[in-house]
Amino acid sequence: MTAMDAKTTGQLLPTPAALGKVAVLMGGTSAEREVSLMSGAGVLQALRARGVDAHAFDPAHTELCELKRAGYARCFIALHGRHGEDGSVQGALELLGIPYTGSGVMASSIAMDKVMTKRVWLAEGLPTPRYVWLAPERQNRETVRTVPDELGLPLIVKPPREGSSIGVTKVQGCSDMQEAVRLSARYDPDVLCEEFIEGEEVTCPVLGQGADAVALPVIRINAPDGAYDYQNKYFTDDVKYQCPSGLPEAEEREIQRIVLAAYRALGCRGWGRADLMVRASDRKPFLLEMNTSPGMTGHSLVPMSARAAGISYEDLCLRLLASAALDSPPQEVQA
């Protein structure tokens, strides 16, 4: 299945009472804290509007063990970046036995690391741009100087375990490489250098798990001068989005097919959003990354795509909350 169908969009949602007391995890300690607070505020408002007993919970201010003491039945993870999207909080919730939204520990951990994600996708024969991984000991001037020879120019330099375009540089000339690596290394000890794909940027969300996962409509992203950066993503209205995408039907279906394969290869569940570039020369799509805790702000793309599929923001939040699960259900301890 590659798109939302009537059965999926018409899915019955649980009653608010059946969901119990809900913690919306937001804020946290990552570089994406500000965005997470905006996502969490939107989710909290939506769930409360539907009658859910939902409460804000910021792990930066309150220890996660308080979730158990306070009697929370499930968690909606609206955290982004490290300690929220990388398997850390997922592992803690597994130990606490509190079901949570989104992917489990392993899928979250792999998807957060763009280098590991690429390794999985390449092993599965999925298209992703060529890359060079610079561990700390390989960030010397002599090694950095050789990267453009391997990947060509322009190229992209970014921290492999950050999101929201934080620490990303489009390198136009060899003289810019060292500064781009230094900027990236402020956010992550490792640095990812990636082939630049000239073309259109698109994104495609996914809902569900395994064979039942479905791809939502594709969104085309048109940023001013191609600068789809942190500021333009969240704090301006300069970026133009097309949803429906306006792409030829066969092209959209191929993007959805690749995204579903990428999602399943990583073992994702609940929801996710893949970002891609479509190469202008031959219209071939290339996977950039998989977001396992996508943004839910007023500028966010999953709600936009869901609306195009006939799912309101409130219903989307309720549906995701209803899908909260654990990797391993708690086992009874034998005396």
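A short tour of the structure in this document, coming up.

Procedures and definitions
Residues numbered from 1 in each chain as written. Predicted model: local features only at pLDDT ≥ 70, side-chain atom pairs only at ≥ 80, totals over all residues. Heavy atoms only, no water. Core = buried A, V, L, I, M, F, W, Y, C linked by side-chain atoms within 4.5 Å. Buried < 20%, exposed > 50% of the residue type's maximum accessible area, 1.4 Å probe, protein only. Helix = DSSP H or I, 4+ residues; strand = E, 2+ residues; numbered from the N terminus. Contact = heavy atoms within 4.5 Å. Arc of directions from axis to C-beta. Polar contact = N/O pair within 3.5 Å; in protein donor to acceptor, adjacent residues only side chain to side chain. Phe/Tyr/Trp six-rings, centres within 6.5 Å; stacked < 30°, edge-to-face > 60°. Lys NZ or Arg CZ within 6 Å of the ring centre and 35° of its normal.

**Quick word on the nonpolar core**
Now for step 1: Grouped together as the largest cluster of nonpolar side chains are 27 residues, with contacts concentrated most on Val-24, Leu-47 and Phe-76.
Now for step 2: Elements supplying a minimum of two residues to this core: β1 (21-25), α3 (33-49), α12 (301-308) and α13 (313-322).
Now for step 3: The element that contributes the greatest number of residues to this core is α13, accounting for six residues.
Now for step 4: Residues within four places of Val-24 in sequence aside, it is in contact with Gly-40, Val-43, Leu-44, Leu-47, Ala-54, His-55, Ala-56, Phe-57, Phe-76 and Ala-78.
Now for step 5: Counting 24 residues, the second largest nonpolar core, distinct from the first, contains Ala-215, Ile-255, Ala-262 and Cys-268.

**Thoughts on helix α7 (residues 114-123)**
Now for step 1: The complete set of buried residues in α7 reads Lys-114, Val-115, Thr-117, Lys-118 and Trp-121. Summarising the axial view, the buried residues of α7 lie within an arc of 155°, below the 170-degree limit, and thus occupy one face.
Now for step 2: Tucked inside the fold, the buried residues of α7 contact α6 (105-112), β4 (131-134), β5 (155-158), β7 (191-195), α11 (249-266) and β13 (285-291).
Now for step 3: N-cap assignment for α7: the residue whose side-chain oxygen lies 3.0 Å from the backbone N of Val-115 is Asp-113.
Now for step 4: Taken from the residues just after α7, Gly-125 is the one with a positive phi, measuring 75°.

**So, the packing of aromatic side chains**
Now for step 1: Throughout the structure, instances matching the rule amount to two aromatic pairs.
Now for step 2: Aromatic pair Phe-57 and Tyr-72: ring centres 6.3 Å apart, planes at 85°, arrangement edge-to-face. Of the two residues, Phe-57 sits in strand β2 (residues 53-57) while Tyr-72 sits in the loop between α4 (65-69) and β3 (74-77), which places them 15 residues apart along the sequence. Summarising the burial analysis for this pair, Phe-57 and Tyr-72 share the class buried.
Now for step 3: Ring centres of Phe-76 and Trp-271 lie 6.3 Å apart, and the angle between their planes is 65°; on these two criteria the pair is classed as edge-to-face. Of the two residues, Phe-76 is situated in strand β3 and Trp-271 in strand β12 (residues 271-279); the sequence distance between them amounts to 195 residues. For the pair shown, Phe-76 and Trp-271 are each scored as buried.
Now for step 4: It is Lys-21 that lies over the ring of Tyr-72; its NZ or CZ is 4.6 Å from the centre.
Now for step 5: Between Arg-119 and the ring centre of Trp-133, over which it is positioned, the NZ or CZ distance is 5.1 Å.

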